[in-house]
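Notes for the structure review
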Amino acid sequence: MSFFIRGKHSVDPKKSSKPLKRKRLVKKSKKEADLEDQIATKKSKDDDDEEISSETDEDLPVQNGAAKEAEPDEEDRETAQEKRLRLANEIIEELNRKEQEKAGSKDIDREAIGKRIKDDLLEQAGKLRKNIADQYVGYNEEGIKKLRCKEHNSAITALSLSQDGKFLYSASKDCSIVKWSLTDFTKVKSIPGGRKGTENRHKGHTTTVNCIAVSSDNKFLASGDDRGQILIWDAEIFDLLKTFKHQSAVTGVVFRKGTHQLYSSSKDRSVKIWSLDEMTYIESLFGHQATVTSIDALSRERAITSGGRDNSLRIWKIVEESQLIYNGHKGSIDGVKLINEEYFLSCGDDGTLCLWGSMKKKPIAVIENAHGFNSENDQPHWVSSIAACLNTDLVASGSMDGNLKLWKCGEGFKNLTPLMSIPVVGFINAIAFTPDGSHVIVGLGQEHRLGRWWRMKEARNCIFVIPLVKNSTVIKD
């Protein structure tokens, strides 16, 4: 065995062939053979350990000049099928917990959980539709809550609800942002507006805040203003985290549902995508030929926008790097809102309310003069805001005619029919439904959110929280 070991004690046969040297070599080789056996045994054991860890010394973390052994995590030993099973069990446990909290007991309704899972799958596919409009028969006038504060001394321009429906965020023309509690209807926090020229010492907006959006997990709040700034806030404590910039006024911001991906639209005709996990800009989307007036998004990696005077709506397929173009309206398209992933609503200054399907280039249903005519100029009242109760057949529209109108989407989204009108004085600049559909929230102002063409002195700059009544309770017509 010593024949294969060539170290400093080995003998070169060309230089010496003395028996003594040969004998000494044989004697040393026995020791070396024993040593070699020990080394081989240890090496074999180390190799076995190395195969188990599947890591080299170079891959191990180093501290104080020595490599530490890394123990494999539990998840690393899981197979793909085991991991899917574990995640599914976690989801079911979470649904069980929510159903227990909802029922107020330890009894679990398996059918309710199964329906919840089915609804989640349909929602992800964009095919979920709940027929709830026929349940509503009126509203509770005595239960209406009016939210006012000193920070909002100008017209309300935008509203955004947390996904759990517990908090409401509002923005105003006076540059302020306010967080409200919808459990006790009180102001929680506020960011007062600043004046022009105070940008360096004021942490908030110094021009009109046009739009606002909160992420699904209530972690981030985004707001856009007339200076082209998008300010990113901690939604809990209102600390300013980051500032993004458009070349012109920001007209809309929206979070992709369940993510921290933010989409924004602007008067500079562009749509921009931002990642708030890395607090960075991703890309810009171009195509509109006029001001992009509004934007909306749901779970899919898509955004829908309205193009104002270019009379088009566009669905941006971000992954495919393509866009779908829909043409409609005779005037400026001022708003667009997704009902689900397949159907959406639009409104404009031509007084028209349109219902669309993503598979058709023209509107499925058109309601002309949805809010009547303006007696001063005999022109249709501009439809200034729209909203949809997500994944249902209930939608709403607002104008300056003194009425908030609720509409029902017909079977297969083939038509729009009036459901009820709720008297509201002022410009209805923003509308939002609570997640459970029990309330509709209205942001009012003495002026239109986009300009100062008219002024209604009798109106108040405030927010109304209006409880809707179903057919099982006393109603108010």
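Calculation notes
Residues numbered from 1 in each chain as written. Predicted model: local features only at pLDDT ≥ 70, side-chain atom pairs only at ≥ 80, totals over all residues. Heavy atoms only, no water. Helix = DSSP H or I, 4+ residues; strand = E, 2+ residues; numbered from the N terminus. Buried < 20%, exposed > 50% of the residue type's maximum accessible area, 1.4 Å probe, protein only. Contact = heavy atoms within 4.5 Å. Areas by Shrake-Rupley, 256 points an atom, 1.4 Å probe, with all protein chains shown as cover. Pairing = 2+ DSSP bridges. Axes fitted to C-alpha atoms, helices over the stretch in contact; angles between N-to-C directions. Lys, Arg positive; Asp, Glu negative; His and termini not counted. Salt bridge = Lys/Arg side-chain N within 4 Å of Asp/Glu carboxyl O. Phe/Tyr/Trp six-rings, centres within 6.5 Å; stacked < 30°, edge-to-face > 60°. Lys NZ or Arg CZ within 6 Å of the ring centre and 35° of its normal.

Side note on the overall build of the chain
- The helix and strand tally for the chain stands at three helices and 33 strands.
- Residue burial in the chain is summarised as follows: out of 477 residues, 46% are buried.
- Relative to all contacts within the chain whose residues are 6 or more apart in sequence, the contacts with residues 24 or more apart total 47%.
- As displayed, the chain has an accessible area near 26,400 Å², and 48% of this comes from carbon and sulfur atoms.

Notes on the sheet that holds strand β30 (residues 416-423)
- Taken together, the four strands give an open sheet; going across it, the order is β27-β28-β29-β30, and neighbouring strands pair in antiparallel fashion. Looking along the sheet, the strands with just one partner apiece sit at the ends: β27 (385-388) and β30. Between one strand axis and the next, the sheet turns by 20° as a mean value, whatever way the strands run.
- Both strand β28 (residues 394-398) and strand β29 (residues 403-409) contribute to a ladder of five bridges, which runs antiparallel. The partner of Gly-398 across the bridge, within β29, is Leu-404.

Quick word on the side chain of Asp-225
- Considering the arrangement of structural elements, one finds Asp-225 in strand β10 (residues 220-225).
- The side chain of Asp-225 sits in the buried core without any salt bridge; Arg-227 is the nearest counter-charge, 5.3 Å away.
- Contacts of Asp-225, omitting those with residues within four sequence positions, involve His-205, Thr-207, Thr-208, Val-209, Asn-210, Ala-249 and Val-250.

Quick notes on the packing of aromatic side chains
- For the coordinates displayed, the defined rule picks out eleven aromatic pairs.
- For the ring pair Tyr-326 and Trp-356, a centre distance of 6.2 Å and an interplane angle of 75° mean the geometry is edge-to-face. Here Trp-356 lies in strand β23 (residues 353-357) and Tyr-326 lies in strand β20 (residues 322-327), a separation of 30 residues in the sequence.
- Classification of Trp-356 as buried rests on a relative accessible area of 0%.
- Taking 5.1 Å as the distance between ring centres and 70° as the angle between the ring planes, the aromatic pair formed by Trp-382 and Trp-453 counts as edge-to-face. Linking Trp-382 in the loop between β26 (379-380) and β27 with Trp-453 in the loop between β32 (439-445) and β33 (463-470), this pair joins segments that are 71 residues apart in sequence.
- With a relative accessible area of 47%, Trp-453 lands in the partly exposed category.
- We note Lys-179 situated over the ring of Phe-167; from NZ or CZ to the ring centre the distance is 4.5 Å.
- Sitting over the face of the ring of Tyr-326, Lys-361 holds its NZ or CZ atom 4.9 Å from the ring centroid.

No statement about biological role is implied by the geometric values presented.
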